[in-house]
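Spelled out from the first residue to the last, the chains are:
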Amino acid sequence: MAKGKASSAFFCQNCGYEASKWMGQCPACRTWNCFVEERITVKSSPAAGSAKAVSSGRKPVELKAVTSGKEERFATEIEEFDRVLGGGIVPGSLTLVGGDPGIGKSTLLLQVCQKLAAKGKEVLYISGEESLAQIKMRADRIGDFTEHFKLLTEVNLGTISDVVKSEKPEVLIIDSIQTMYNEEVNSAPGSVSQVRESTGILMQLAKVENIATLIVGHVTKEGTVAGPRVLEHMVDTVLYFEGDKQDIYRILRGVKNRFGSTDEIGVFEMGEAGLIQVKNPSEFLISGKPEGASGSVVTCCMEGTRPMLLEVQALVCDTNFQIPRRQAAGCDFNRMNLLMAVIEKRMRMPLGREDAYVNFAGGMRIFEPATDLAVVMALVSSYRNKPVDDDMLVFGEVGLSGEVRGVAMAKQRILEGRKLGFTSCVVPYANAKQLTDVEGIKIYTVKNIMEAVNIIHD
Ligand code: TYD
Ligand code: MG
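The numbering scheme is per chain: residues are counted from 1 as the chain's sequence reads. Going through the entries in the order they are written, you letter the chains from A and number the ligands from 1. Note on the predicted model: pLDDT of at least 70 is required for a residue's local features to be given, and 80 or more for side-chain atom pairs to be given and counted; whole-chain, interface and lining totals, by contrast, use all residues. Side-chain metrics rest on all non-hydrogen atoms present in the structure, leaving aside hydrogens and water.

A. Structural detail: the packing of helix α9 (residues 372-384) against helix α11 (residues 449-456). Helix axes are fitted to C-alpha atoms over the stretch in contact, other axes to C-alpha atoms as well, and angles between N-to-C directions run from 0 to 180 degrees. Strands here are runs of E lasting at least two residues and helices are runs of H or I lasting at least four, both read from the DSSP assignment and numbered beginning at the N terminus. The N-to-C vectors of α9 and α11 enclose an angle of 55°; their axes lie 11 Å apart at closest approach. The angle between α9 and α11 falls in the class oblique. Seen from above, α9 lies across α11 with right-handed handedness. Residue-level inspection shows L373, V376, M377, V380 and R384 of α9 in contact with α11, the latter providing I449, A452, V453 and I456. For classification purposes, an angle smaller than 35 degrees is called roughly parallel, one larger than 145 roughly antiparallel, one from 65 to 115 roughly perpendicular, and anything else oblique. Put simply, a crossing is left-handed when the front helix is turned counterclockwise from the back one by less than a right angle, and right-handed when it is turned clockwise. Residue contacts follow a heavy-atom distance rule, with two residues in contact if any of their heavy atoms lie within 4.5 Å.

Now the structure itself:
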């Protein structure tokens, strides 16, 4: 293509796949009806740039000679937020905060701004979605802000760039990337090229001016507005804010992090005055557990370094359909079917004519094999209509022959259960050695699901 010539291409608005012609389905992410034509301007070829780099006398350096300097982070004092980031916001980093519209992204970031401004950091919040009055109304619910917090409503990136360069904030919030536009790109705000180009400019700003930048990105369903997935590879850190809108609980999850691990989650509760941290998620996850009900079993999963108790619910009942219904909420559907097949074969329990539903209470989505044994116990308990002891904790991975396999961090899981008043637990035999010094809770070790069922139902 000739240099500087404007032309057009089709982009998948879900994942950013580029094609020269329109397609009904994206070959990369399999979404239907997601291609939109966008004009693109071809910039000068990169080959010229690299030739310049060689002639400018740049040389590789030895890794040993590079000094890393002390790692600095802006801790927000919102522990649940800091933990997900690995200790706080890194200066000069670019973070994407994705989530469904209305989940609480703006609220979360406003609270982060409040804390940082209170510590004397210069914070600039640029909104393309709400008026100053609307932001003020939300801020009033959250509390007092210091004079270090400044607001701007703007969508033109050229203007934003100028303002940022003159204001020189230490922290910059862009709410949201889908409303921003760059005059040099001809497509509409929210399209893949606009969103990418805008992020590129913000990335430059963040690195050159050393500004910690947080970008809000809405997860979109309709496919005409580019989603945050398009940007994941461009930014340093990707966080997703998830949860049921009907539910008050929200989970902040790290998906990518160049400055820390991605295993950690932060749990929040949406309240009258913004988001409140939930420091002990186990308590809320099992708070609604019915007493003496069949099909309800408590297990312990790990989220990063944090053990979390979780109620597994199962309902097994005779089917009224040709093909029995199976449904999984919060857990892997295929895993649930596999575990049902193991029960059917190894325990000779005829589940083929039964509807089955499995639900992880509290709106959590957990795909950890350590929850297997609890799913099995819940299914068996519901099928037999015999409850599992309310004070019993169950965990372990289940294999295809019905064997119960060991899991990582068994001790932490048991201690979390003990802390919340559980008096006994069923754990894999393979973990027995690590648990010899655990006191105050009765431990049953099992080698297979038959042994486990005998313990809970004898
Ligand atoms: P918001 O942060 O605007 O969501 P997003 O930026 O992700 O689109 O949050 C919107 C929801 O949060 C809205 O339904 C109202 C609710 N909310 C509260 O319940 N309490 C509060 O204190 C605040 C500020 C919002
Ligand atoms: Mg918002």
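B. Geometry of the site of ligand 1. Note on terminology: near, applied to a residue and a molecule or strand, indicates that one of the residue's heavy atoms is within 4 Å of it. Surrounding ligand 1, one finds 16 residues, the nearest of these being G102, S106, T107, R138 and G274. The definition of a polar contact used here is a pair of N or O atoms within 3.5 Å, where within protein one atom must be able to donate a hydrogen and the other to accept one, and adjacent residues in sequence count solely through side-chain atom pairs. K105 has a polar backbone atom sitting 2.8 Å from an oxygen atom of ligand 1. A distance of 2.7 Å is found between a nitrogen atom of ligand 1 and a backbone nitrogen or oxygen belonging to G271. Here the open area of atoms and residues is found with the Shrake-Rupley method and a 1.4 Å probe, where only the protein chains shown may cover a residue. Coverage of ligand 1 by the protein amounts to 75% of the 560 Å² it exposes when considered alone. For the shell around ligand 1, the elements supplying multiple residues, two or more each, are α3 (105-118), α4 (132-142) and β11 (265-271). A per-element tally of the shell around ligand 1 places α3 first, with three residues. Gly falls in the polar group here, along with every residue not listed as nonpolar (Ala, Val, Leu, Ile, Met, Phe, Trp, Tyr, Cys, Pro) or charged (Asp, Glu, Lys, Arg). Split into classes, the residues belonging to the shell around ligand 1 amount to four nonpolar, seven polar and five charged.

C. Highlighting the packing of aromatic side chains. Geometry of aromatic contacts follows a simple scheme: Phe, Tyr and Trp rings, the Trp one being its six-membered ring, pair when their centres are within 6.5 Å, and the pair is stacked under 30 degrees between planes, edge-to-face over 60, tilted otherwise. Inspection of every chain in the model, using the stated rule, returns five aromatic pairs. Between the aromatic rings of Y17 and F35, the centroid separation amounts to 6.4 Å while the plane-to-plane angle is 85°, which identifies the pairing as edge-to-face. Of this pair, Y17 sits in the loop between β1 (6-12) and β2 (18-19) while F35 sits in strand β3 (residues 35-41), placing them 18 residues apart in sequence. Cluster of aromatic residues (ring-pair linked, three or more members): Y125, F145 and F149. Ring-over charges, as used throughout, are those where CZ of Arg or NZ of Lys falls within 6 Å of the ring centre and within 35 degrees of the ring normal. One residue, R413, lies across the ring of F395, its end atom 5.7 Å from the ring centre. The ring of Y429 carries K447 above its face, with NZ or CZ at 4.5 Å from the centroid.

D. Representation of helix α10 (residues 410-419) within the structure. Partly exposed describes any residue whose relative accessible area lies between the buried limit of under 20% and the exposed limit of over 50%, with all areas from a 1.4 Å probe on protein chains only and scaled to the type maximum. Turning to α10, its buried residues number three or more, namely A410, R413, I414, E416 and G417. Seen from one end, α10 has its buried residues packed into an arc of 155°, which puts them on one side. Contacts from the buried residues of α10 go to α7 (281-286), β13 (296-303), β14 (306-318), β17 (392-394), β20 (424-428) and β21 (442-446). Directions are taken from the helix axis to each C-beta atom, and the arc is the one they span.

E. Region of the structure containing the side chain of S381. Relative to the helices and strands, S381 is located in helix α9. Within the structure, S381 has its side chain in polar contact with the backbone oxygen of K386 (distance 2.7 Å).

F. Quick look at the pairing of strand β12 (residues 274-277). In this description, strands pair whenever DSSP reports at least two bridges between them. In this sheet, β12 lies alongside β11 in antiparallel orientation, the contact comprising four bridges. Considered in β12, the bridge of M270 is made with L275. Connecting β11 to the next strand, β12, in antiparallel fashion are two residues.

G. Region of the structure containing the nonpolar core. The set of buried Ala, Val, Leu, Ile, Met, Phe, Trp, Tyr and Cys residues whose side-chain atoms join them within 4.5 Å is what this entry labels a nonpolar core. By size, the foremost hydrophobic cluster in this structure holds 47 residues, and its most contacted members are V358, L373, M377 and L379. For this core, the leading source of residues is α9, giving eight residues. The two domains that each donate at least three residues to this core are domain 2 (79-279) and domain 3 (284-456). In this structure L379 touches A314, V316, M340, I343, A356 and V358, once residues within four positions along its chain are discounted. Ranked by size, the runner-up nonpolar core spans 31 residues in total, among them F81, L110, I142 and V171. The domain limits used here are those given by an automatic or database domain assignment.

H. Quick peek at the domain arrangement of the protein. Its domain assignment divides the protein into domain 1 (5-44), domain 2 (79-279) and domain 3 (284-456). Distance from the C-alpha centre of domain 2 to the C-alpha centre of domain 3: 38 Å. Counting residues at the interface gives 14 residues for domain 2 and nine residues for domain 3. Both faces combined, the contact of domain 2 with domain 3 buries some 970 Å², and carbon together with sulfur accounts for 51% of it. By buried area we mean the combined loss of accessible area, with a 1.4 Å probe, across both parts when two parts are placed together. Considering only the surface of domain 2 that becomes buried against domain 3, Y249, E264 and I265 emerge as the three largest contributors, covering 36% of it. A side-chain nitrogen of Lys or Arg and a carboxyl oxygen of Asp or Glu constitute a salt bridge if their distance falls within 4 Å. If you look at where domain 2 meets domain 3, you find three salt bridges. In this structure, E303 engages R253 in a salt bridge whose closest nitrogen and oxygen atoms are separated by 3.8 Å. Across the contact surface, domain 2 and domain 3 share two residue pairs in polar contact (both at pLDDT 80 or more). Elements with a contribution of two residues or more to the side of domain 2 that touches domain 3: α2 (79-85), β10 (249-257) and β11. Grouping the amino acids of the side of domain 2 that touches domain 3 by side-chain chemistry returns five nonpolar, one polar and eight charged.

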